[in-house]
Amino acid sequence: MKIVLASSSLYRQSILQKLNIPFCSLAPDIDESAHLNETIEEQVKRLAEQKAQSVSIKLKNQQAYVIGSDQLASLNGVVLGKPGDYIRAKQQLMNASGQTVKFYTGLCLYCANKNLIETIVDVYEVTFKRLTESQIDTYLTIEKPFDCAGSFKSEGLGIALFSSLKGTDPNSLVGLPLIRLIELFDKMSVDIFDLMQKPN
């Protein structure tokens, strides 16, 4: 059975590689706009499912487990998008200074030919230190996290911005919580250890 990651994200691909399972990646083709009156949890859950289903259609009924994932970050209930540039990233980090940002990751495992779908939403909290403008400028100049929600890379220098982390799986911060993914495989009666590539 084929494993397919419904994402073109190099970050998510590098996380999935930790499990040492063979997989390929395909970019989904969906509209990621929020729906009216939709909560953050509802949005990431829906988008994770739509991404997995979109890629499954592209596979044209090949037997496959498709992994879909979507993430949003919020500060005091306001969604934080990817900043895109230095000015917006600086504003995001200044707003986050001394505050707690919540990351919501929707994760879906979909197997069309078996008509199986499992979806969860993982929540991870990051509390920021009180940051000076100089510290933020230094961080942004070095890391350039302009394609990351919340304006930081936890797998890089972003760790220097935090006072505490709270959650089940730190991989969730990068958009693919592996502990929860293994749980979804378990629910489909798939043992992840059976998929791992063994040395010759």
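Residues numbered from 1 in each chain as written. Predicted model: local features only at pLDDT ≥ 70, side-chain atom pairs only at ≥ 80, totals over all residues. Heavy atoms only, no water.

Q: Help me understand the packing of aromatic side chains, please; the structure alone is not making it clear to me.
A: Following the criterion strictly, the structure yields six aromatic pairs and no others. Measuring from centroid to centroid gives 5.6 Å for Phe128 and Phe152, while their planes differ by 75°, and the two rings are edge-to-face. Linking Phe128 in strand 6 (residues 116-128) with Phe152 in the loop between helix 4 (133-143) and strand 7 (162-166), this pair joins segments that are 24 residues apart in sequence. Just as Phe128 is buried, Phe152 falls in that class too. Their ring planes at 85° and their centres at 5.4 Å tell us that Phe128 and Phe162 sit as a pair that is edge-to-face. Remark: Phe162 occurs in strand 7 and Phe128 occurs in strand 6; sequence separation between them is 34 residues. Phe162 matches Phe128 in its accessibility class, with the two residues each being buried. By the ring-pair criterion, three or more aromatic residues cluster together here, those being Phe103, Phe128, Phe152 and Phe162. (Phe/Tyr/Trp six-rings, centres within 6.5 Å; stacked < 30°, edge-to-face > 60°. Helix = DSSP H or I, 4+ residues; strand = E, 2+ residues; numbered from the N terminus. Buried < 20%, exposed > 50% of the residue type's maximum accessible area, 1.4 Å probe, protein only.)

Q: Just to check I follow, could you spell out the pattern of salt bridges for this structure?
A: Any two side chains of opposite charge can pair, so long as their charged atoms come close to each other. Throughout the structure, instances matching the rule amount to nine salt bridges. Arg88 is the salt-bridge partner of Asp85, the closest N and O atoms lying 2.5 Å from each other. Taking the relative accessible area as the measure of exposure, Arg88 reaches 51% and is therefore exposed. Between Arg180 and Asp122 there is a salt bridge, with its nearest N and O atoms 3.1 Å apart. Of this pair, Arg180 sits in helix 5 (residues 178-187) while Asp122 is found in strand 6, placing the two residues 58 residues apart along the sequence. Of the two residues examined, Arg180 and Asp122, each falls in the buried class. (Salt bridge = Lys/Arg side-chain N within 4 Å of Asp/Glu carboxyl O.)

Q: What is the right way to look at the side chain of Glu143 in this model?
A: Tracing the backbone through its elements, the reader meets Glu143 in helix 4. In this structure, Glu143 is buried with no salt-bridge partner, the nearest side chain bearing the opposite charge being Lys153 at 5.1 Å. Within the local environment of Glu143, its side chain forms a polar contact with the backbone nitrogen of Leu157, the two atoms lying 2.7 Å apart. Every residue in contact with Glu143, bar those within four places of it in the chain, is listed here: Lys153, Gly156, Leu157 and Gly158. (Lys, Arg positive; Asp, Glu negative; His and termini not counted. Polar contact = N/O pair within 3.5 Å; in protein donor to acceptor, adjacent residues only side chain to side chain. Contact = heavy atoms within 4.5 Å.)

Distances and angles like these do not, on their own, reveal function.
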